[in-house]
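Letter by letter, the chains look like this.
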Amino acid sequence: MLLIRPPGVYQPQGDTELLISCLLEEPLDATRRVLDLGTGTGAVALAAAGTGARVTAVDLSARAVAAAWLNTRLHRHRVRLRRGDLVEPVDGQRFDLITANPPYVPSDTGTGPGGGADVPGTGAALAWDAGRDGRLVLDRICREAPKLLARGGVLLIVQSSLADVPKTLAGLRRAGLRTSVAAARWQEFGPVMTARAGLFERRGLIAPGERKEELVVVRGVREG
């Protein structure tokens, strides 16, 4: 998919592709309401819009929202774009499908001895830095996104195995969702992960010399 991506906006990668592949397995048509959290360039939102679904996309970055707007025009798809912090711009609304490709890369700052409090990344790193355990945004999604699901609605979250997939599954179950792993795929580290490989080794997140991560799409369903 041809996309306009200004500097500082997350470039769609393997996690984007895996999330889109799972999205396209869901029954989407003009009656379905889709929310894409952390839309970036709008790649996932555009894939949903291509099915005819009614799509809303949210991002905290003004530059990302502008990029997504340009890409909706480029591909001639209608997407309602909102700037804001996760679900805040759509609070109280209901959706049949919610997708999220949040920041999930563990950083060298955050809770722990001498680490201080977890804080989001800045600049381009806002798209990947996620605190000491990689869960700064994931945990919020597990708490906040299920409240926006309509009955029978589906939540799809893509993340790295380095950011504790079982914790995501458990968090969504606590929120009342039936959970499963919809897809998983191993891939080589990209530049950000490679630069932090030593940190991951010291924390026991990867074996010495390992330079691969497993990407996982977690699926949660609101029943009843």
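It should be emphasised that the depicted structure is a prediction, and the values quoted were computed from it without experimental measurement. (Residues numbered from 1 in each chain as written. Predicted model: local features only at pLDDT ≥ 70, side-chain atom pairs only at ≥ 80, totals over all residues. Heavy atoms only, no water.)

*Asks:* Would you mind going over the overall build of the protein chain with me for this structure?
*Replies:* On a plain count of helices and strands, the protein chain comes out with 7 helices and 7 strands. Sequence-ordered secondary structure for the protein chain, helices as α and strands as β, is α-β-α-β-α-β-β-α-β-α-β-α-α-β. Dimensions along the principal axes, computed over C-alpha positions, put the protein chain at roughly 50 × 40 × 30 Å. The 224 residues of the protein chain split such that 48% are buried. (Helix = DSSP H or I, 4+ residues; strand = E, 2+ residues; numbered from the N terminus. Buried < 20%, exposed > 50% of the residue type's maximum accessible area, 1.4 Å probe, protein only.)

*Asks:* What exactly am I supposed to notice about the nonpolar core here?
*Replies:* In summary, soluble globular proteins display a tendency toward joint burial of nonpolar side chains. The biggest cluster of nonpolar side chains holds 61 residues, and the ones touching the most others in it are L37 and I98. Top contributing element to this core by residue count: strand β5 (residues 149-160), with 6 residues. Here L37 is in contact with V58, L86, V87, I98, T99, A100, N101 and A145, once residues within four sequence places are set aside. (Core = buried A, V, L, I, M, F, W, Y, C linked by side-chain atoms within 4.5 Å. Contact = heavy atoms within 4.5 Å.)

*Asks:* Would you take a moment to explain the packing of aromatic side chains for this structure?
*Replies:* Ring pairs (aromatic) are described by centroid distance and by the angle formed between their planes. According to the stated counting rule, one finds 1 aromatic pair in the structure shown. Plain terms: the ring middles of F189 and F200 are 6.2 Å apart, the flat faces sit at 80° to each other, and that makes the pair edge-to-face. Pair noted here: F189 is in the loop between β6 (177-188) and α6 (191-195) and F200 is in helix α7 (residues 197-203), with a separation of 11 residues, a long-range link. Accessibility classification places F189 together with F200 in one group, the buried group. (Phe/Tyr/Trp six-rings, centres within 6.5 Å; stacked < 30°, edge-to-face > 60°.)

*Asks:* Honestly, the pattern of salt bridges in this entry has me stumped. Any pointers?
*Replies:* Should the charged atoms of two oppositely charged side chains come close, the side chains can pair. For the structure shown, the criterion picks out 10 salt bridges. For the salt bridge of R178 with E223, the shortest nitrogen-to-oxygen distance reads 2.5 Å. On the criterion of sequence distance, the pair formed by R178 in strand β6 and E223 in the segment after β7 (212-222) is long-range, its members being 45 residues apart. The exposure class assigned to R178 is partly exposed, which follows from its relative accessible area of 43%. Because the salt bridges share partners, they merge into one network encompassing D85, R140 and E144. (Salt bridge = Lys/Arg side-chain N within 4 Å of Asp/Glu carboxyl O.)

*Asks:* Even after reading the chapter, I still don't get the sheet that holds strand β2 (residues 54-59), so can you show me in this structure?
*Replies:* Each strand in a sheet pairs with another by means of backbone hydrogen bonds, the pair being arranged parallel or else antiparallel. Taken in spatial order, the 7 strands line up as β3-β2-β1-β4-β5-β7-β6 in an open sheet, and their pairing is mixed. The open sheet terminates on both sides in strands that have one partner only, identified here as β3 (79-83) and β6. Each strand of the sheet is rotated relative to its neighbour by a mean of 15°, with strand direction disregarded. Direction of pairing for β2 relative to β3: parallel, over a ladder of 5 bridges. (Pairing = 2+ DSSP bridges. Axes fitted to C-alpha atoms, helices over the stretch in contact; angles between N-to-C directions.)

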